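Residue-level listing of the chains:
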Amino acid sequence: MASEITLSLLVGTLTPTPAPREVMEALTQVEVRSSAQDRSGFDLTFALSKRSAIVTRLLPSGYFDPPTRIIITVTVKGQATVLMDGVITHQELVPSDESGRSVLSVKGEDLTRMMDLIDFSGFPFPGMPAEVRVALMVAKYLPLYKIVPLIMPSVLVDVPNPLDEIPGQRGTDLNYIKMLADNVGYVFYLQPG
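What comes next is a walk through the structure. (Residues numbered from 1 in each chain as written. Predicted model: local features only at pLDDT ≥ 70, side-chain atom pairs only at ≥ 80, totals over all residues. Heavy atoms only, no water.)

Observations regarding the sheet that holds strand S6 (residues 79-94)
For clarity, the threshold we go by: Paired strands are those between which DSSP finds at least two bridges. Helix and strand definitions follow DSSP, with helices as H or I runs of at least four residues and strands as E runs of at least two, each counted in order from the N terminus.
With antiparallel pairing, seven strands are arranged side by side in an open sheet as S2-S1-S5-S6-S7-S4-S3. Strands with a single pairing partner mark the edges of an open sheet, and in this sheet they are strand S2 (17-18) and strand S3 (27-33). Across eight bridges, strand S1 (residues 5-12) lies against strand S5 (residues 69-76) in antiparallel orientation. Its bridge partner lying in S5, glycine 12 is registered against arginine 69.

So this is what it looks like as structure tokens:
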């Protein structure tokens, strides 16, 4: 039964690639937290020796440096499911004098982290309902992260008259999208995969 379940990691900056064998063999624990209200996240734990490729080659080259992208996928009976698509936010190496007892902890958050970095306050959206504003903001992340918007239209569609008011963004893309969703009783979240 265990052979029917496989876990894979894709790691990389722009185009994640399968993690090398040394990384997968050192992986001892995977934790994924999924939430529609808060940012989802992940924790990876690796057991290392002083001479492992992770310590000697990968860590010095920045392999696990933030904001490296990580995609965690589980395959059960041939059916692949993406559990997490996110970026590394923190890494910590806890060395040990005992062989194979050093531990590397890698923590991260889903791709909404990248939507919460730049304040675009004041960016105008003349004559656009909230759904169009959300689509435009999310479209910025399509080329790099392949985030595709799936927007459920509100029953309260409001198209502001540009002669009366030109709505402007307040805060980061993530904060503004969450505010627009909240205004109509919706929740914004990313679904991995």
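With respect to a nonpolar patch on the surface
Selection rule: Patches in this entry comprise residues that are over 30% relatively accessible and not in a salt bridge; like charges within 9 Å are linked, as are nonpolar side chains (Val, Leu, Ile, Met, Phe, Trp, Tyr) within 5 Å. Using a 1.4 Å probe, accessible areas were evaluated by the Shrake-Rupley method; residue-level cover was limited to the displayed protein chains. Salt bridge, as used here: a side-chain nitrogen of Lys or Arg that lies within 4 Å of a carboxyl oxygen of Asp or Glu. Only protein chains enter the accessibility calculation, which uses a 1.4 Å probe; a residue whose area is less than 20% of its type maximum is buried, one above 50% is exposed, and one in between is partly exposed.
On the surface, Leu7, Val30 and Leu83 cluster together into a nonpolar patch covering about 190 Å² of accessible area. With respect to the element layout, leucine 83 can be found in strand S6. Judged by relative accessible area, which is 34%, leucine 83 ranks as partly exposed.

Structural notes on the nonpolar core
Filter applied, for reference: Buried Ala, Val, Leu, Ile, Met, Phe, Trp, Tyr and Cys residues form a nonpolar core when they are joined through side-chain atoms within 4.5 Å. By the convention used here, residues are in contact when the closest approach between their heavy atoms is within 4.5 Å.
Leu9, Val23, Leu44, Phe46, Ile54 and Phe64 are the most contacted members of the largest nonpolar core, which has 21 residues in total. Sorting the residues of this core by element identifies S1, helix H1 (21-26), strand S4 (41-48), helix H2 (53-58), S5, S6 and strand S7 (102-110) as the ones contributing at least two each. Examining the composition of this core, we find that four residues originate from one element, S4, more than from any other. Ignoring anything within four residues of it in the chain, the contact list for phenylalanine 64 reads Val23, Phe46, Ile54, Leu59, Ile88, Gln91, Leu104 and Val106. With 18 residues, the next largest nonpolar core counts Val87, Met115, Met137 and Phe188 among its residues.

Looking at the environment of phenylalanine 123
With respect to the helices and strands, the residue phenylalanine 123 is situated in the loop between S7 and helix H3 (130-139). For the pair phenylalanine 123 and isoleucine 166, spaced 43 residues apart in sequence, the C-alpha separation works out to 9.9 Å. When neighbours within four sequence positions are excluded, phenylalanine 123 is seen to be in contact with Pro167, Gly168 and Gln169.

As for the packing of aromatic side chains
Under the convention used in this document: Stacked, edge-to-face and tilted are the three classes for Phe, Tyr and Trp ring pairs, Trp counted by its six-membered ring, which pair at centre distances within 6.5 Å; planes under 30 degrees apart are stacked, over 60 edge-to-face, the rest tilted. Lysine NZ or arginine CZ positioned within 6 Å of the ring centre and within 35 degrees of the ring normal marks a charge as sitting over the ring.
Going through the model one piece at a time under the given rule, you end up with four aromatic pairs. Between phenylalanine 123 and phenylalanine 125, the aromatic rings sit 5.3 Å apart at their centres with planes inclined by 65 degrees, giving edge-to-face as the arrangement. Arranged with centres 6.2 Å apart and planes meeting at 15 degrees, the rings of phenylalanine 125 and tyrosine 176 form a pair that is stacked. Within this pair, whereas phenylalanine 125 is found in the loop between S7 and H3, its partner tyrosine 176 is found in helix H5 (residues 173-183), the two being separated by 51 residues in sequence. The two residues phenylalanine 125 and tyrosine 176 agree in class, both being buried. Of note, lysine 140 hangs over the ring of phenylalanine 120, and the distance from its end group to the ring centre comes to 3.6 Å.

Nothing here speaks to function; it is geometry throughout.
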